[in-house]
Amino acid sequence: MRVTDIREVLEAAAGDWAELTPAEIEEMVRTQFRSLWYAPLLARWLVDGHPVPARTSAVRPPVDDDVRIAVVDNFGNCKLDRPAADLPGYATAESLLVRNRLDGRDVPVRCYDRLPDVPLGEPGITVGSSGIGFAELVVRGGSAADLFGLRQGDRVIHLTG
């Protein structure tokens, strides 16, 4: 799999094949609507054969019962390495215990169908925008990474007792 960094790609494009202002780049980097702004540009540039900077990353299936942070995005949303449907209790909007790295406690976090259903300022687990059906740990209007002290690769949910 090839992974791109939005800022890196937009700055490369602006310096070579696209007319983008620094303000436009910043807006696209910071928006949560990447599928509306960035994805179509990236697709066009790839089809046109532009040298889009990217890194190769192996896709590995989970091998244990620990759900991990796959990616922390610009907003502090923690994209998990499992589809939401694979999390017990997700379909019934139950809470899952999430490991808080700041104090070592397991904190109950409720599951929600959609991001707008998560109460403002509260944590929730919902289907994210990064892949079909994958779960995200979010804080609506805030940063789940900051609230729980999380980084990419951290174990956050243990699926078996």
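Preceding this paragraph is the structure being described.
If you're wondering where the values come from, they're calculated on a predicted model, not measured in any experiment. (Residues numbered from 1 in each chain as written. Predicted model: local features only at pLDDT ≥ 70, side-chain atom pairs only at ≥ 80, totals over all residues. Heavy atoms only, no water.)

**A look at the pairing of strand β6 (residues 106-110)**
Inference 1: Here β6 shows a buried face lined by Val107 and Val109 and an unburied face lined by Asp106, Pro108 and Arg110.
Inference 2: Looking at chain direction, strand β5 (residues 95-99) and β6 are connected through five bridges and run antiparallel. Of the residues in β6, the one forming a bridge with valine 98 is valine 107. (Buried < 20%, exposed > 50% of the residue type's maximum accessible area, 1.4 Å probe, protein only. Helix = DSSP H or I, 4+ residues; strand = E, 2+ residues; numbered from the N terminus. Pairing = 2+ DSSP bridges.)

**Observations concerning the pattern of salt bridges**
Inference 1: Taken as a whole and assessed by the stated rule, the structure comprises eleven salt bridges.
Inference 2: A salt bridge links glutamate 8 to arginine 55, with the shortest nitrogen-to-oxygen separation between them at 3.2 Å. Residue glutamate 8 is located in helix α1 (residues 6-16), and its partner arginine 55 is located in strand β2 (residues 55-56); the two are separated by 47 residues in the primary sequence.
Inference 3: With relative accessibility at 34%, the residue glutamate 8 sits in the partly exposed group.
Inference 4: With a closest N to O distance of 2.7 Å, arginine 105 and aspartate 103 form a salt bridge.
Inference 5: The class of aspartate 103 is partly exposed, set by a relative accessible area of 42%.
Inference 6: Each of Asp73, Lys79 and Glu136 takes part in salt bridges that share partners, so that together they form one network. (Salt bridge = Lys/Arg side-chain N within 4 Å of Asp/Glu carboxyl O.)

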